[in-house]
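# Overview (structure and organization)
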Amino acid sequence: MPHNALAYTPPTDRLRSRYVPDYQGAAFCEMPLPVTTEPWPKFGGARLRDLANDHYDAACDHLRARIGAKPFVWPNRTLYFFCDVHADADAWRRSLIASGGVRWFGAGDNDYELSETGRTALFVIAGDCFDKGPSNLRLLRAIKLLIDKGADVEILAGNHDMRTLVGLAYLGRKEPRFAHLFVRMGKKTMPLFQEIRAEYLEPGDTSELSEAALHKLLFPDEAWFREFPEVAKGLVPDKKIGKELNRIREKMVELPRKCEQLGMTLGDIHRAATRALELFLHPDGEFHWYFERMDVALRWGSFLLVHAGVDDVTAKLLAQTNVSGANTWFHRLLAEDPFELYHGPVGNMFRTKYRDFDHSFTDVGVQHMYEAGLYGIVHGHQNILRGQRVLMREGLLNFECDASVDCNTRKLEGLRGPGGAVVVFRPDGVALGISADHPHVKVFEAARVFPWLTIA
């Protein structure tokens, strides 16, 4: 049975069609857009949970019990939440159309305008625009078009974005904290270099270094595997240090193989990476704006918007300094110590999956989140197969929004057809989950779940 085929749909009342967005440009969407609705959370008992290999959604009474009568604030502005598009510009177009925030009138990436709602809405792109998909550069240009059309756009850091950034920034550095960062980008980043080679480099424009010299420049040597645990100790959890060492070993084998599959040599990769550094990190580079605009988190009422999640350290920081403090910490580390940024608590905000080797998030962290007035998290990062999901994790309401939209993830997961997804937070206290892999618009009516809701 294909992953996206729900064999069981429990009886449910269809909500009024006023909750279905106006899909202006559906002819250019290339995926079925749902025109019926159902209540969200959707809790269908053990059979449905078994199909999803996990709880499909949390039950409303469970959400209500955990949140209690806390003063949940829902902003009176439309928010479109996108995440994990992974270099798939077509999935981006489909997601934009599904949101209702644009009017699309042609087949090109620039053939649209903001809808009336889109002109006053906030578009949040919550990380992972790089890797996996076929069109890194085209996707970034398409996002820039949205900004240039006057949309209010916020960009949040994802782990794939940051891995690309630090890999380029520390290309050729041999200190134990940095020597592995280029290889750490892995095989999923190599298509970016293939795109840059095709678009920006002349035929034969390759590195003049020998194969041995390139390997020494780009890859960590054996000494690194002895030195890294010492420099990482105290910052990276012990379980994660061993995992990182094994993963770098694997990537040192995978990366040359991927280059060969793409018809590229290490010299081609080195030359393309050098050009990428200019494009992304130099102030006059075409894509410098992407990382320049990036924050690690955004507050939206009682929600924290972030790529992945939090831990006890960042939760305490949020209680003490609000989200602005987390973003200040993010930008300082980005400028001064990308190693600590990537592996430390701030990095956990774009990396965690709450595994035993991630930085811990306990009841202490939950209480700090509550002190900050943050009772829920809206995030991506953990790809799911049947549209978005609502659940309680570690005492916080979670909207999980990585709906596996890019074509390569879909192929890997056995998902049929083109992908696209968006969560629309409306100013009337309603959230809509729309994806290619669920036949109905999922309607979260916050006042039904939290009768004490405040819209402000």
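One can find the structure itself at the top, above this paragraph.
Attention in this report is confined to the structure presented alongside it. No experiment lies behind these values; they were computed from the predicted model shown.

## Considerations on the overall build of the protein chain
If you tally the helices and strands in the protein chain, you get 18 helices and 17 strands. What you see for the protein chain is a C-alpha radius of gyration of 22 Å, in line with the 23 Å of a compact globule of 456 residues. Summarising its shape, the C-alpha atoms of the protein chain cover approximately 65 × 50 × 45 Å along the three principal directions. Residues classed as buried in the protein chain amount to 59% of the 456 residues present. When contacts within the protein chain are restricted to residue pairs at least 6 apart in sequence, long-range pairs at least 24 apart make up 74% of them. Here the protein chain displays about 17,700 Å² of accessible surface, and carbon together with sulfur accounts for 50% of that area. The average position of the 56 basic charges and that of the 60 acidic charges among the side chains of the protein chain differ by 4 Å.

## A short note on the sheet that holds strand β6 (residues 122–125)
In spatial order, the strands read β1-β16-β15-β14-β3-β6-β7-β8; together these eight strands make up an open sheet with mixed pairing. With partners counted over all chains shown, the strands left at the sheet margins are β1 (37–39) and β8 (294–295), one partner each. For β6 and strand β7 (residues 152–156), the ladder comprises four bridges, and the chain directions are parallel. Along β7, the bridge assignment pairs I125 with I155.

## Brief notes about the pattern of salt bridges
Inspection of every chain in the model, using the stated rule, returns 26 salt bridges. Here D148 and K144 are joined by a salt bridge, their closest N and O atoms 2.9 Å apart. Placement of the pair is D148 and K144 together in helix α4 (residues 136–148), with a separation of four residues, close to one helical turn. A relative accessible area of 52% places D148 in the exposed class. A salt bridge links R389 to E400; the nearest nitrogen and oxygen atoms lie 2.5 Å apart. Taken together, the residues span a long stretch of sequence, with R389 in strand β12 (residues 389–393) and E400 in strand β13 (residues 396–400) at a distance of eleven residues. For the pair formed by R389 and E400, the shared burial category is buried. A single network of salt bridges, built from pairs that share partners, joins E30, D90, R93, R94, D109 and R138.

## Points about the environment of P203
Positionally, P203 belongs in the loop between α7 (190–200) and α8 (211–218). Overall, the relative accessible area of 78% leaves P203 in the exposed class. Taking the C-alpha atoms as reference, P203 lies 35 Å from R94; in sequence the two are 109 residues apart.

## Digging into a positive patch on the surface
Taken together, the side chains of K187, K188, K243 and K353 make up a positively charged region of the molecular surface. Considering the arrangement of structural elements, one finds K353 in the loop between α15 (345–351) and α16 (363–371).

## Here's the deal with the sheet that holds strand β10 (residues 303–306)
Reading across the sheet, the five strands line up as β9-β10-β11-β13-β12 and stay open at both edges, with mixed pairing between neighbours. On the outer flanks of this sheet lie β9 (297–300) and β12, each paired with one strand and no other. Sheet twist, expressed as the mean angle between neighbouring strand axes with direction ignored, is 25 degrees. Bridge count between β9 and β10: four bridges; the pairing is antiparallel.

## Details of the nonpolar core
Note that soluble globular proteins tend to have their nonpolar side chains buried in a common cluster. Within the largest apolar cluster, 153 residues are counted, with the highest numbers of intra-cluster contacts made by F193, F280, L304, F399, F425 and F444. The biggest single contributor to this core is helix α13 (residues 312–336), with eight residues. With residues near it in sequence (within four places) discarded, F280 still touches F130, L137, L140, L168, L192, I196, F287, H288 and F291.

## Description of the layout of surface pockets
What the largest pocket holds in volume is close to 990 Å³. Around the largest pocket, the lining is made up of 34 residues, and of these K132, H160, R163, K188 and R247 lie nearest the centre. For the lining of the largest pocket, the elements supplying multiple residues, two or more each, are α5 (159–169), α6 (181–185), α10 (238–261) and α17 (407–413). For the lining of the largest pocket, the element with the most residues is α10, which contributes seven residues. If you add up the space inside the second largest pocket, you get close to 220 Å³. Residue lining of the second largest pocket: 18 residues in total, with D22, Y80, S99, G100 and T117 positioned closest to the centre. Residues that form the lining of the second largest pocket fall into these classes: seven nonpolar, six polar and five charged.

## Some words on the packing of aromatic side chains
Pairs of aromatic rings are described using the distance from one ring centre to the other and the angle between the two planes. The final tally for this structure, using the stated rule, is 33 aromatic pairs. Relative to F425, the ring of F399 lies with its centre 5.4 Å away and its plane at 65 degrees, an arrangement referred to as edge-to-face. With F399 in strand β13 and F425 in strand β14 (residues 421–425), this residue pair connects regions lying 26 residues apart in the sequence. An identical accessibility class is assigned to F399 and F425; each is buried. The buried category is assigned to F399, whose relative accessible area is 0%. Lying over the aromatic face of Y112, K149 brings its terminal NZ or CZ to 4.7 Å of the ring centre.

What counts as what
Residues numbered from 1 in each chain as written. Predicted model: local features only at pLDDT ≥ 70, side-chain atom pairs only at ≥ 80, totals over all residues. Heavy atoms only, no water. Helix = DSSP H or I, 4+ residues; strand = E, 2+ residues; numbered from the N terminus. Rg over C-alpha atoms; globule rule 2.2 N^0.38 Å. Buried < 20%, exposed > 50% of the residue type's maximum accessible area, 1.4 Å probe, protein only. Contact = heavy atoms within 4.5 Å. Areas by Shrake-Rupley, 256 points an atom, 1.4 Å probe, with all protein chains shown as cover. Lys, Arg positive; Asp, Glu negative; His and termini not counted. Charge placed at Lys NZ, Arg CZ, Asp CG, Glu CD. Pairing = 2+ DSSP bridges. Salt bridge = Lys/Arg side-chain N within 4 Å of Asp/Glu carboxyl O. Patch = residues over 30% accessible without salt bridge, like charges linked within 9 Å, V, L, I, M, F, W, Y side chains within 5 Å. Axes fitted to C-alpha atoms, helices over the stretch in contact; angles between N-to-C directions. Core = buried A, V, L, I, M, F, W, Y, C linked by side-chain atoms within 4.5 Å. 1 Å grid on protein atoms, 1.4 Å probe; cavity = no way out; pocket = protein on both sides within 12 Å on 5 of 7 lines; lining within 4 Å. Points joined across faces, edges and corners; volume = space filled by probe spheres on them. Nonpolar A, V, L, I, M, F, W, Y, C, P; charged D, E, K, R; others polar. Phe/Tyr/Trp six-rings, centres within 6.5 Å; stacked < 30°, edge-to-face > 60°. Lys NZ or Arg CZ within 6 Å of the ring centre and 35° of its normal.

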